Amino acid sequence: MAVEPPTGPLKVLLWTTGRSLSNAFLQCMTYVPDTIAWHEPYSQLGKFSNVVEGPAVSKTVQELVKTLGGASAVAKIESGYDASDKDYDWLKEQLESDLPDGKRMLFAKAHGAYIRRFSLFDKLPQGFRHTFLIRNPKATIMSKLKMSLKLQARSVKLPELPRDQFRIYEYLIELLKYLKAEGLESRPIIIDADDLLANPKEMLEAYCNEVGIPFTEDLLTWPAGDDVMTKIWMVPKQTILTYRAVGVHDGTFASTGFHKPPTTTVDSSSAEDELMKQIPPILAQVFKGMVDREYTYYEELYAERLTLNK
């Protein structure tokens, strides 16, 4: 049975990794009535702000903004916010602010490793429930490699990635421990993407009940299209501009629900073999090493995940 709506405003952060169904999950939560949804507030701000240190991709995407028309093109974007002069203090203030009249929930999905990579622990907001979405590291890393190959085929310039780019679950665990130690979250909720795909209704309902989000089966489907990013989500105007040019999330925005892929790419040796043929041998060795290393940390989180029999 779905829980009753919370008596006061609810604020939830979903800490996750890239390529983990997190955009689909955010799409789902966006349609909880009276919700404000934030898309990757820390990393998206870091990409496009001129006043904070950002990720390796910052210089590349800022150059793309210039080629697409620069500040004048950004100003024409009707939704979102201009990130160029914003910093993490501004972001913390925005997340901690009272919700506008008529809004009952703020839901944000963010990359947990980003907080550790840029030492942003002091920029975490007060008053949030903290939850985690994880996914088999082989699946996430394979998906990242596929996306990189897809972008290269479109002649999109890719940045040199930092050495700790794939220290995802190690950093997620550090974030989780920090949240507990500082009293920001005493009982973090962890869900696994494969569990969600296998039993979307049951897992989503269990998550909502644990967090205090009113669940209805209407949340299991949503409209296709990128309106959710370009008109609804709180996201930099620069993100909208570059997304339209590159289309990184085309597959996500074509989705209408949590649908299990026809083949399980994680367990498909043929899919992995095909991917390995498309990258240099040295990268194939690095891929295996990253997956093996990440599994150790992933399994620590996986053991604490929300299951249907808990």
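Here is what the cut-offs are and how they apply
- Residues numbered from 1 in each chain as written.
- Predicted model: local features only at pLDDT ≥ 70, side-chain atom pairs only at ≥ 80, totals over all residues.
- Heavy atoms only, no water.
- Salt bridge = Lys/Arg side-chain N within 4 Å of Asp/Glu carboxyl O.
- Helix = DSSP H or I, 4+ residues; strand = E, 2+ residues; numbered from the N terminus.
- Buried < 20%, exposed > 50% of the residue type's maximum accessible area, 1.4 Å probe, protein only.
- Polar contact = N/O pair within 3.5 Å; in protein donor to acceptor, adjacent residues only side chain to side chain.
- Contact = heavy atoms within 4.5 Å.
- Pairing = 2+ DSSP bridges.
- 1 Å grid on protein atoms, 1.4 Å probe; cavity = no way out; pocket = protein on both sides within 12 Å on 5 of 7 lines; lining within 4 Å.
- Points joined across faces, edges and corners; volume = space filled by probe spheres on them.
- Nonpolar A, V, L, I, M, F, W, Y, C, P; charged D, E, K, R; others polar.
- Axes fitted to C-alpha atoms, helices over the stretch in contact; angles between N-to-C directions.
- Left-handed = near helix turned anticlockwise from the far one by under 90°.
- pLDDT = per-residue confidence, 0-100.

J.: Describe the pattern of salt bridges, with residues and values.
T.: Tallied over the full model, the rule gives 12 salt bridges. The shortest N-O distance in the salt bridge between Asp89 and Lys123 comes to 2.7 Å. Placement of the pair is Asp89 in helix 5 (residues 88-96) and Lys123 in the loop between helix 6 (112-117) and strand 4 (129-134), with a sequence separation of 34 residues. Exposure remark for Asp89: the relative accessible area of 44% places this residue in the partly exposed category. Overall, Lys123 belongs to the buried group, its relative accessible area being 17%. Glu210 is the partner of Arg187 in a salt bridge, and the nearest nitrogen-oxygen pair spans 2.7 Å. Placement of the pair is Arg187 in the loop between helix 8 (168-181) and strand 5 (189-192) and Glu210 in helix 10 (residues 200-211), with a sequence separation of 23 residues. What makes Arg187 partly exposed here is its relative accessible area of 44%. Salt bridges sharing common partners tie together Asp89, Asp122 and Lys123.

J.: How would you sum up unusual backbone geometry? Please name residues and give values.
T.: With a phi angle near 70 degrees, Leu21 is a residue other than glycine that sits in the positive phi range. By secondary structure assignment, the location of Leu21 is in the loop between strand 1 (10-16) and helix 1 (22-30). Leu21 gets classed as partly exposed once you look at its relative accessible area, which sits at 24%. Unusually for a residue other than glycine, Glu40 sits at a positive phi of about 45 degrees.

J.: Could you give an account of the side chain of Lys109, with specific residues and numbers?
T.: Of note, Lys109 is situated in strand 3 (residues 105-111). Residue class for Lys109 comes out buried when judged on its relative accessible area of 1%. Within the structure, the side chain of Lys109 is placed 3.0 Å from the side chain of Ser22, a separation counted as a polar contact. At 3.2 Å, the side chain of Lys109 and the side chain of Asn23 are in polar contact. With residues up to four places along the chain from it excluded, the contact list for Lys109 reads Leu14, Thr16, Ser22, Asn23, Leu26, Trp38, His39, Glu40 and Pro41.

J.: Tell me about the pairing of strand 5, and please be specific about residues and values.
T.: Here strand 5 shows no split at all, with Ile189 and Ile191 on one side and Ile190 and Asp192 on the other all buried. Of the pairings in the sheet, the one linking strand 4 to strand 5 comprises 4 bridges and is parallel in character. If you follow Phe132 over to strand 5, its bridge partner there is Ile190.

J.: Which residues make up the layout of surface pockets, and what are the values?
T.: Considering only enclosed or pocket space, the second largest pocket measures out at about 290 Å³ in volume. Looking at the second largest pocket, it is lined by 15 residues, and the ones nearest its centre are Lys180, Pro188, Ile190, Glu304 and Arg305. When residues of the lining of the second largest pocket are traced back to their parent elements, those giving at least two are helix 8, strand 5 and helix 15 (281-302). With 4 residues, helix 8 is the single largest residue contributor to the lining of the second largest pocket. Among the residues forming the lining of the second largest pocket, the class breakdown is 7 nonpolar, no polar and 8 charged.

J.: Break down the packing of helix 2 (residues 41-48) against helix 5 for me, citing the residues and quoting the values.
T.: The description of two helices packed together rests on the angle between their axes and the distance between the axes. Contact geometry for helix 2 and helix 5: axes closest at 11 Å, N-to-C directions at 145 degrees. The two elements helix 2 and helix 5 cross, and the hand of that crossing is right-handed. Residues Pro41, Tyr42, Leu45 and Gly46 of helix 2 form the contact with helix 5, whose participating residues are Tyr88, Leu91 and Leu95. In the contact of helix 2 with helix 5, the residues fall into 6 nonpolar, 1 polar and no charged.

J.: An account of the confidence of the model for the protein chain is requested, with residue identities and associated values reported.
T.: On average, the protein chain scores 84 in pLDDT, and the residues at 70 or more come to 79%. Highest mean pLDDT in the protein chain belongs to helix 5 (98); lowest belongs to helix 14 (residues 269-277) (61). Between residues 1-5, whose pLDDT stays under 50, and residues either more than four places distant or in other chains, the model counts 12 contacts.

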